[in-house]
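# Reading the structure
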Amino acid sequence: MSREPEFRPHRVVVLALDGLLPFELGIPHRIFGRPRDSRGRPLYEVVTCSVRPPGPVRTDADFSVMVEHGPQALATADTVVVPASYELGPVFEQGVLTEELAAALAHIRPGTRLTSICTGVFVLAAAGFLDGRRATTHWAETEHLQRLFPKIDVDPDVLFVDDGDVLTSAGVAAGIDLCLHIVRRDHGTAVANEVARRTVVPPHRDGGQAQYIQRPVPDPQQATTTAARAWVLGRLHEPIQLRDMAARESMSVRTFTRRFREEVGVSPGRWLAQQRVERARQLLESTDRSVDQIARDAGFGTAQSMRQHLQTALGVTPTAYRRTFRAGAGT
């Protein structure tokens, strides 16, 4: 009789730096602290460490936080998260690590997944982890990041960037999107959606969605695209044309497209494809329907079309996706 493999939650270590933003420090604990497997066991273990021995770490508010772990905790991490700080000093100004920070980061094992929230990306960049990679940060700092680190491909227009074992996000709320994306990548849509429901945040904002930069707020007296989006979500299995969506709001296609981008941040076509991919993921995880049937139910029409969309969005085939998350459901 084969023995069940020993269960060990994925260990997330959050690096708390002086000048940290309390909201962003709390994001990993809130998101990764929620997921459970089918037996109720936590899927992640989250700990916070400092670059110094255990003790207080200053925040940008009128209080400090007491951190109980020193930099040695980084050596135990499966994932390291670096939230934003307003006191990065030479890291932000010159792109150079302090001796203290360099010594702390040296504890990180090769192969550890690295993530940053907002200006935490400057720490990863100064350490050389982002050379030759695509990354993002808060829109107000993207030009500075690019000037300081020309080897990085800085994308100023997205909520987060998933570059495999290194992930970076824009500011504040985008950190929530990134952490939910990691849960979704690790454990599937159902687990991530449950975390989102408990956190009372949208379950999915695609990383390619634009940051909200100088986008005018729609006049409340004007029509919006809300009803059209609700109408689409109720009939994803049907062929849907842009003119059909515009007609639901009694707008011209041109006006509808412009208004949709203002409200959602992406084109109607891209949003529709995202919703269909999300529906396909849910069905692959939660039903035994065939790939052909799911392709029809999600509105792709053919299995080949769905395969291409999932390959583009997730990097895997429908069969491989189902195998991964249906197998993991019982762990």
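Scroll up a little and you will see the structure.
Counting from 1, residues in each chain are numbered in the order their sequence is written. Local features are withheld for residues below a pLDDT of 70 in this predicted model, meaning they are given only at 70 or higher, and side-chain atom pairs are given and counted only at 80 or more; totals for whole chains, interfaces and linings count all residues. The basis for every side-chain value is the complete set of non-hydrogen atoms in the structure, without hydrogens or water.

## Structural notes on the nonpolar core
Basically, it comes down to this: Only buried residues count toward a nonpolar core, which is a set of Ala, Val, Leu, Ile, Met, Phe, Trp, Tyr and Cys residues joined through side-chain atoms within 4.5 Å. Summary of the burial criterion: residues with accessible area below 20% of their type's maximum are buried, those above 50% are exposed, and those between are partly exposed, where the area comes from a 1.4 Å probe applied to protein chains only. Only DSSP runs of H or I covering at least 4 residues are called helices, and only runs of E covering at least 2 are called strands; the numbering of each starts at the N terminus. Contact criterion: two residues are considered in contact whenever any of their non-hydrogen atoms come within 4.5 Å of each other.
Ranked by size, the top nonpolar core spans 34 residues in total, and within it V12, I31, F32, Y44 and V183 carry the most contacts. Listing elements by their share of this core, those giving two or more residues are β1 (10-15), α1 (22-32), β2 (44-49), β4 (64-67), α6 (173-187) and α7 (189-199). Take this core: its biggest share by element is seven residues, from α6. When near neighbours in sequence (up to four residues on either side) are disregarded, V12 contacts F32, Y44, E45, V46, V47, T79 and V81. V51, A73, V80 and I108 belong to the second largest nonpolar core, which has 31 residues in total.

## Points about the packing of aromatic side chains
Our working definition: Aromatic contacts are taken between Phe, Tyr and Trp rings whose centres are within 6.5 Å, Trp giving its six-membered ring; a plane angle under 30 degrees counts as stacked, one over 60 as edge-to-face, and the others as tilted. The rule for a charge over a ring is simple: NZ of Lys or CZ of Arg within 6 Å of the ring centre, and within 35 degrees of the ring normal.
For the structure shown, the criterion picks out five aromatic pairs. With 4.9 Å between their ring centres and 55 degrees between their planes, F32 and Y44 make a pair best called tilted. Placement of F32 in helix α1 and of Y44 in strand β2 is noted, with a sequence separation of twelve residues between them. Y44 carries the same exposure label as F32, and that label is buried. Taken together, the ring pairs in this structure connect F92, F122 and F149 into an aromatic cluster. The positively charged end of R229 is found above the aromatic ring belonging to F260, 5.9 Å away from the centroid.

## Structural notes on the pairing of strand β6 (residues 113-117)
Using the following cut-off: Only strands that DSSP links by at least two bridges are regarded as paired with each other.
Of all the five residues making up β6, five are buried; the element is thus mostly covered by neighbouring parts of the structure. Side chains R113, T115 and I117 of β6 all project onto a buried face; the interleaved residues L114 and S116 project onto the opposite face, where all are buried too. Examined bridge by bridge, strand β5 (residues 79-82) and β6 share four bridges and lie parallel to one another. By the bridge assignment, V81 is partnered in β6 with T115. As paired strands, β6 and strand β10 (residues 166-169) are joined by four bridges and run parallel to one another. In the sheet register, S116 faces β10, and the bridge partner there is T168.

## Here we look at the sheet that holds β1
Rules: For every element, the axis is a line fit to its C-alpha atoms; helices are fit only across the contacting stretch, and the angle between N-to-C directions ranges from 0 to 180 degrees.
Pairing within the open sheet is mixed, and its six strands lie in the order β2-β1-β5-β6-β10-β9. Each of the sheet's edge strands pairs with one partner strand only, and the pair in question is β2 and β9 (160-162). Along the sheet, successive strands turn relative to each other by an average axial angle of 15 degrees, direction set aside. Across the sheet, α1 touches β1, β2, β5 and β6, and the angle it forms with β2 is around 160 degrees. On the sheet, α6 packs against β2, β6, β9 and β10 and is oriented at approximately 150 degrees with respect to β10.

## Here's the deal with the packing of helix α8 (residues 226-233) against helix α10 (residues 253-264)
Here is the rule: These descriptions rest on fixed angle ranges, namely under 35 degrees for roughly parallel, over 145 for roughly antiparallel, 65 to 115 for roughly perpendicular, and the rest for oblique. Each residue gets one of three labels, nonpolar for Ala, Val, Leu, Ile, Met, Phe, Trp, Tyr, Cys and Pro, charged for Asp, Glu, Lys and Arg, and polar for the others, Gly among them.
Where α8 meets α10, the axes come as close as 10 Å, and the angle between the chain directions of the two elements is 90 degrees. With respect to each other, α8 and α10 are oriented roughly perpendicular. In contact with T226, A228 and R229 of α8, α10 contributes F256, F260, E263 and V264. Looking at the contact of α8 with α10, its residues break down into four nonpolar, one polar and two charged.

## Some points on the pattern of salt bridges
Under the convention used in this document: A pair is scored as a salt bridge if a Lys or Arg side-chain nitrogen falls within 4 Å of a carboxyl oxygen belonging to Asp or Glu.
If you walk through the whole model with that rule in mind, you get 21 salt bridges. Here E238 and R235 are joined by a salt bridge, their closest N and O atoms 3.7 Å apart. Look at E238 and you get partly exposed, because its relative accessible area is 33%. Note that D297 and R289 form a salt bridge whose closest N and O atoms lie 2.7 Å from each other. For R289, a relative accessible area of 36% corresponds to the partly exposed category. Through salt bridges with shared partners, a single ionic network connects D18, R52, R58 and E87.

## Quick look at the side chain of S85
Convention followed: Each polar contact in these results corresponds to two N or O atoms within 3.5 Å; when the atoms are within protein, one needs to be able to donate a hydrogen and the other to accept it, and residues that are neighboring in sequence are counted only if both atoms are side-chain atoms.
Along the polypeptide, S85 turns up in the loop between β5 and α2 (90-94). For S85, a relative accessible area of 4% puts it in the buried group. Polar side-chain contacts of S85 include one of 2.5 Å to the backbone oxygen of D18. One polar contact links the side chain of S85 to the main-chain amide nitrogen of E87, over a distance of 3.0 Å. When near neighbours in sequence (up to four residues on either side) are disregarded, S85 contacts L17, D18, G19, L20, L21 and T119.

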